[in-house]
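# Chains, contacts and geometry: an overview
What follows is each chain in one-letter form.
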Amino acid sequence: MKVTNEIINVGVNDHAVDLFEGQYDVPNGMSYNSYVILDEKVAVMDTVDAHFTEEWLKNLDTALAGRTPDYLIIQHVEPDHSANIVSFFKAYPNAVLVANAKAHAMIDAFYAPDESIQRQTVANKESLSLGKHTLTFVFAPMVHWPEVMVTYDSTEKVLFSADGFGKFGANDVAEDWDDEARRYYIGIVGKFGAQVQNLLKVAATLDIQTICPLHGPVLTEDLGHYISLYDTWSSYRPEAEGIVIAYTSVYGNTRKAVELFAEMLKEKGVTPVVYDLARDDMASAVSDAFRYSKLVLATTTYNGDIFPFMKEFINHLTERSFRSRTIGLIENGTWAAQGVRVMTKMLEECKDLTFAEQTVTIRSALNQASTEELEKLAAELA
């Protein structure tokens, strides 16, 4: 696929994968992008997943149209982007492997490539001329691995953004960018908001007209929309006003309370987003917890603790630096309700959380007292 007359996407679409990185449900597959820049010298930007070696090499050969690459540039050594380094050099042994020092060390650890491969180590903000095209390498450590760099082509004003601005889903499936990019960002990059903010500051100094990520479509229009979302996500600000309810239920009583609570909110003009953490996609629940301004957690006491799926959910939040939200808490316990205490303790490390004054305690099943508490919590949050 042509990006410009001189930049071609030679990546592949993966519809065999069910769980990306072994945990993220990807019903519409994944894309692994790789780019060729055709100039006096030819540069190939990254490779693809190991399952697609032959398809990628064929795409590459077609794009080259008889030419030979001069450089293979590796921006990110995660195997879905670097697994075909050895295969590339078997096909094109005279090319030069371009990467930063940390990336070269990781490449050695993953693949132990032949010592005969020519290498070039680049520094932060160092440039490489291909002729008409000048590439400048900008280090982006911990977005989301320590060796990551992005590459700016000042000639065509293209940012090769590594995993930045990526999304779940193959490129041959039409779907909304925002939802799957948000789920991808929060799940994979979300912990590293400060590092993303640093990269966005550098990007703001560049004239960027096209963004070429390693996952997802090439972005060419309304770039301000995508950059604005990344700024919101990486600064942990709510993207929208709204309420997410995440719950676990053993015998259905907590579920019934959540259903009643959701109706109370609707009556007050707020339609919440509700997740059953045992059945719904965990990554989507985490993503929406970051998307909206308020989060209600409802869980049962379990072995003197809280139900495992709720524990997992809160761990996902805390390890991604969850902050700046309003939290409501609902607990259910027959003889020793522990939910509010445990959830509050787990969220202690999160910054700038505001807890609703009203908490709700259910003793096995809803009664008049706990129903009144639900009503008060709904009024407070709505």
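Figured I'd write up the structure that's included with this text. On a predicted model such as this, the values are computed, not experimentally measured, just so you know. Counting restarts for each chain, with residues numbered from 1 along the sequence as it is written. The model is predicted, so local features are restricted to residues of pLDDT at least 70 and side-chain atom pairs to those at 80 or more, both for listing and for counting; the totals for chains, interfaces and linings are taken over all residues. Hydrogens are left out, water is left out, and the side-chain values use all remaining heavy atoms of the structure.

To continue, consider the packing of aromatic side chains. Note on ring pairs: Phe, Tyr and Trp rings are taken, using the six-membered ring of Trp, and paired if centres are within 6.5 Å. Classes follow the plane angle, with under 30 degrees stacked, over 60 edge-to-face and the rest tilted. This model, assessed by the stated rule, comprises 20 aromatic pairs. Note on Phe20 and Phe168: the rings are 6.0 Å apart at their centroids and 70° apart in plane angle, and the pair reads as edge-to-face. Of the two residues, Phe20 sits in strand E3 (residues 19-20) while Phe168 sits in the loop between strand E14 (158-160) and helix H5 (177-189), which places them 148 residues apart along the sequence. The pair Phe20 / Phe168 is uniform in exposure class, with both members buried. What links up through ring pairs into an aromatic cluster is the set Phe165, Trp177, Tyr185, Tyr226, Tyr230 and Trp233. Arg323 extends its terminal NZ or CZ atom over the ring of Tyr236, reaching a point 4.4 Å from the ring centre. Under the scheme used here, helices are H or I runs from DSSP no shorter than 4 residues and strands are E runs no shorter than 2 residues, and both carry numbers assigned from the N terminus. Categorising residues by exposure relies on relative accessible area from a 1.4 Å probe, with only protein chains included: less than 20% of the type maximum marks a residue as buried, more than 50% marks it as exposed, and the intermediate range marks it as partly exposed. Lysine NZ or arginine CZ positioned within 6 Å of the ring centre and within 35 degrees of the ring normal marks a charge as sitting over the ring.

With 12 residues, helix H10 (residues 308-319) ought to run about 16 Å at 1.5 Å a step, and its terminal C-alpha atoms sit 16 Å apart, in line with that. Regarding H10, the residues found buried are Met310, Phe313, Ile314, His316, Leu317 and Thr318. Looking at the buried residues of H10, the elements they touch are strand E16 (240-247), helix H9 (282-291), strand E18 (292-302), strand E19 (305-306) and helix H11 (339-346). Just downstream of H10 lies Ser321, where phi reads positive at about 65°. Here, expected helix span is obtained from the residue count minus one, scaled by 1.5 Å. Any two residues whose heavy atoms approach within 4.5 Å are treated as being in contact.

Strand pairing is assigned whenever DSSP identifies at least 2 bridges connecting the two strands. Two elements, E16 and strand E17 (residues 273-276), share 4 bridges in a ladder whose sense is parallel. When the sheet's bridge partners are listed, Val244 is paired in E17 with Val273. The handedness of a crossover follows from its direction of travel: if, with the strands pointing away from the viewer, the path from the first strand over the helix to the second runs clockwise, the crossover is right-handed. Handedness of the E16-helix H8 (residues 253-267)-E17 crossover: right-handed.

The next thing to look at is empty space enclosed by the protein. Definitions used throughout: a 1 Å grid over protein atoms alone; a cavity as a set of points that fits a 1.4 Å probe which cannot get out; a pocket as an open set with protein on both sides within 12 Å along at least five of seven lines; a lining residue as one with an atom within 4 Å of a point. Grid points are joined across faces, edges and corners, and a volume is the space filled by probe spheres set on the points. Scanning all chains against the criterion turns up 2 cavities of 30 Å³ or more. A volume near 120 Å³ is recorded for the largest cavity. Along its surface, the largest cavity is lined by 14 residues, and Leu159, Phe165, Leu199, Leu200 and Tyr230 are the ones closest to its centre. Listing elements by their share of the lining of the largest cavity, those giving two or more residues are helix H6 (193-203) and helix H7 (223-234). Broken down by element, the lining of the largest cavity gets its largest block of residues, 4 residues, from H6.

This next bit is on the layout of surface pockets. Put simply, the largest pocket is a space of about 370 Å³. Residue lining of the largest pocket: 17 residues in total, with Thr300, Thr301, Asn332, Gly333 and Thr334 positioned closest to the centre. For the lining of the largest pocket, the elements supplying multiple residues, two or more each, are H8 and E18. A per-element tally of the lining of the largest pocket places E18 first, with 3 residues. In this count, Pro and Cys sit with the nonpolar residues alongside Ala, Val, Leu, Ile, Met, Phe, Trp and Tyr, while Asp, Glu, Lys and Arg are called charged and the others, Gly among them, polar. Tallied by class, the residues present in the lining of the largest pocket amount to 5 nonpolar, 12 polar and no charged. Within this model, the second largest pocket holds a volume of roughly 260 Å³. Lining the second largest pocket are 18 residues, and of these Met1, Asn9, Val10, Gly11 and Asn171 lie nearest its centre.

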